[in-house]
2 protein chains.
Amino acid sequence: MGISRKDLKQVIVFQNATDDDLNQIIQNSITRSLEEGEFFFLQGDPANYLYVLVNGQVKLLQTNPSGQQVNLRTIYPRQMFGALGAVREQADYPASAQALENSSALAIKSAFLHEMMETRPYLSFDLMKLMTSYIQEMQSRYRELATERVEQRIARALLRLTVQSGQKVDEGIDLAFSRQDLAEMSGTTLYTVSRVLADWERQGLIRAGREQIHITNPHGVVRIAEGLEK
Amino acid sequence: MGISRKDLKQVIVFQNATDDDLNQIIQNSITRSLEEGEFFFLQGDPANYLYVLVNGQVKLLQTNPSGQQVNLRTIYPRQMFGALGAVREQADYPASAQALENSSALAIKSAFLHEMMETRPYLSFDLMKLMTSYIQEMQSRYRELATERVEQRIARALLRLTVQSGQKVDEGIDLAFSRQDLAEMSGTTLYTVSRVLADWERQGLIRAGREQIHITNPHGVVRIAEGLEK
DNA sequence: CAAGTTATTTGTGCCAGCGCAAAGAAACAA
DNA sequence: TTGTTTCTTTGCGCTGGCACAAATAACTTG
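Not measured: the values here are computed from a predicted model. (Residues numbered from 1 in each chain as written. Chains lettered and ligands numbered in written order. Predicted model: local features only at pLDDT ≥ 70, side-chain atom pairs only at ≥ 80, totals over all residues. Heavy atoms only, no water.)

A. Structural view of the protein's contact with DNA strand D. The environment of DNA strand D is formed by 18 residues, the closest being T188(A), T192(A), S194(B), R210(B) and E211(B). When atoms of DNA strand D within 4 Å of the protein are sorted by moiety, sugar and phosphate together comprise 65%. Residue V150(A) places a main-chain N or O atom 3.0 Å away from a phosphate oxygen belonging to DNA strand D. At 2.3 Å from a phosphate oxygen of DNA strand D is found a side-chain nitrogen or oxygen belonging to T192(A). At the level of elements, helix 8 (190–203) of chain A together with helix 8 (190–203) of chain B are the ones that each hand at least two residues to the surface near DNA strand D. Per element, the largest residue contribution to the surface near DNA strand D is six residues, and it comes from helix 8 of chain B. Residue composition of the surface near DNA strand D, grouped by class: five nonpolar, five polar and eight charged. (Near = heavy atom within 4 Å. Polar contact = N/O pair within 3.5 Å; in protein donor to acceptor, adjacent residues only side chain to side chain. Helix = DSSP H or I, 4+ residues; strand = E, 2+ residues; numbered from the N terminus. Nonpolar A, V, L, I, M, F, W, Y, C, P; charged D, E, K, R; others polar.)

B. How the structure looks around the pattern of salt bridges. All names here are of chain A. Applying the stated criterion to the full structure yields 18 salt bridges over all chains. Between R120 and D21 there is a salt bridge, with the nearest N and O atoms lying 2.7 Å from each other. Within this pair, whereas R120 is found in the loop between helix 4 (110–119) and helix 5 (121–147), its partner D21 is found in helix 2 (residues 19–27), the two being separated by 99 residues in sequence. Note on accessibility: R120 and D21 belong to one class, buried. One continuous salt-bridge network, built from bridges that share partners, spans E144, E148, R156 and R160. (Salt bridge = Lys/Arg side-chain N within 4 Å of Asp/Glu carboxyl O. Buried < 20%, exposed > 50% of the residue type's maximum accessible area, 1.4 Å probe, protein only.)

C. Up close: unusual backbone geometry. The backbone of R78(A) sits at a positive phi, close to 75 degrees, despite the residue not being glycine. With respect to the helices, strands and loops of the structure, R78(A) is situated in the loop between strand 5 (69–75) and strand 6 (80–81). A relative accessible area of 34% means that R78(A) is categorised as partly exposed. We note that Q90(B) has phi near 65 degrees; this positive angle belongs to a residue other than glycine. Structurally, the position occupied by Q90(B) is in the loop between helix 3 (84–87) and strand 7 (96–99).

D. Broad picture of the interface of chain A and chain B. Facing the 39 residues of chain A at the interface are 40 residues of chain B. For the pairing of chain A and chain B, the buried interface totals around 4,000 Å² over both sides, and the portion due to carbon and sulfur atoms is 70%. Applying the counting criterion to the chain A and chain B interface returns zero salt bridges. Run the count over chain A and chain B and you get eight residue pairs in polar contact (both at pLDDT 80 or more). If you list the elements that add at least two residues to the side of chain A that touches chain B, you get strand 4 (58–63), strand 5, helix 3 (84–87), helix 4 and helix 5 of chain A. Broken down by element, the side of chain A that touches chain B gets its largest block of residues, 21 residues, from helix 5 of chain A. Across the side of chain A that touches chain B, the residue classes tally to 19 nonpolar, 15 polar and five charged. (Contact = heavy atoms within 4.5 Å. Buried area = accessible area lost by both parts, 1.4 Å probe.)

E. Molecular detail of the protein's contact with DNA strand C. The environment of DNA strand C is formed by 17 residues, the closest being R179(A), S194(A), E211(A), T188(B) and T192(B). What you see for DNA strand C is that sugar and phosphate hold 66% of its atoms within 4 Å of the protein. One of the backbone N or O atoms of V150(B) is found 2.9 Å from a phosphate oxygen in DNA strand C. R195(B) is positioned such that a nitrogen or oxygen atom in its side chain is 2.8 Å from a base oxygen of DNA strand C.

F. Local environment of the sheet that holds strand 2 (residues 39–41) of chain B. Residue and element names in this part refer to chain B. An order of 2-7-4-5 is seen for the four strands of this open sheet, with the pairing classed as antiparallel. One side of each edge strand has no neighbouring strand; the edge strands of this open sheet are strand 2 and strand 5 (69–75). This sheet shows a mean twist of 30 degrees between the axes of neighbouring strands, independent of strand direction. Summarising the sheet, strand 4 (residues 58–63) and strand 5 pair through six bridges and their orientation is antiparallel. Looking at strand 5, one finds that L60 is bridged to R73. (Pairing = 2+ DSSP bridges. Axes fitted to C-alpha atoms, helices over the stretch in contact; angles between N-to-C directions.)

Read these as geometric descriptors, not functional statements.
Written out as structure tokens, the structure is:
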């Protein structure tokens, strides 16, 4: 199952690409399909390809020498990942990309995009916009981790997920993530996440189940995220 | 005191610029000189200018709604800062830039660079390289903050500073930073930094004074940063 | 449906690191 | 020199959140 020009045009970085450009990109790429749990690439691998997720869900994570890992971001369809390598030659991926469910992605040769960018300003330009948003997000998350307490960070993680993937439901929002996921996203442990969620459930803010969270009172969660509640 | 083409060429982002480009940049910019403690811009201001530091030292910091702040990075001469606004129109600075000592910087109109980039691929390209390095650094720091303990983070902060600004001395490295600075850089409090440094001094790793740290045993600090010591 | 696997909850103990406060030391001013 | 400011140290109490372990609970598989 391939990807059409029209699909590719939905990708933020390619929104200004010409049809001819898109065709070239498609010609210089292949589709990779992975099962849940498999990796598109590992931290430290040479960054020879960049990816556009076609379907599924992919987690970007970084591991430190002693094996602990943190979630950097979750990738949804039509988003690009692994693009850092297209900018510097001979770069290595600074993070790993793991499929959270069966996923397929378009793999574009880094060197090819690199070359295209040298003659197509709009492309670098759109990629830069993407990068600035990453920088800002990482800066905010860094600040949050440094200055905010766990409850607040978990609330923020939930809200971020809501924006990215939660389907709005009349009486709340449904999310499908494990305590472990949440812990990695908010820089804490699954034990703490479990306790906090149990607490919120008692307060009637959410209803929690196995690998899913239903936010019944989004406003209350926002208040916690903002640090308005103690 | 102005800045010459030759100086500007030292700036990483402008390394591939033509003389004509550099002249244009100089013509579309002004020099701003600030006293210690003053701000080039504040978080939330419209990002109308980007800066190239000519001399002095500038701290980029982010503040949360309740006023706590974290250090994002320190800028040294010939480095660019506040560039995010050149990419998105109508952007606001996501952080504040404060002069750590009397400093002067070349202020370039964001809109002007924006325009230049539309016709000069090399420019966006070099700026992208800079951005990727920021992203990677923020990702690492985020991971460190999430998974490493205070001692380790302080050691890393010291090493980062060593690379950026420390003059190598035969028997060690001299750094001029306050406990407060170190605390903001490693996401902790000045009390903790003070205690940790006192401890290291007892172990003979460093000698510490008011606003300065002399690393006598760099290798030992590296070991702590790597997490090899308990 | 029984057994196995994976996710979650919860109790308990513990300590790293925070926050406050107060005192000391260095730098600066006049 | 003496006061003032700024930076640093240190004692002390406190607690948020971690670590481990064990019990549930939910899902999967044959």
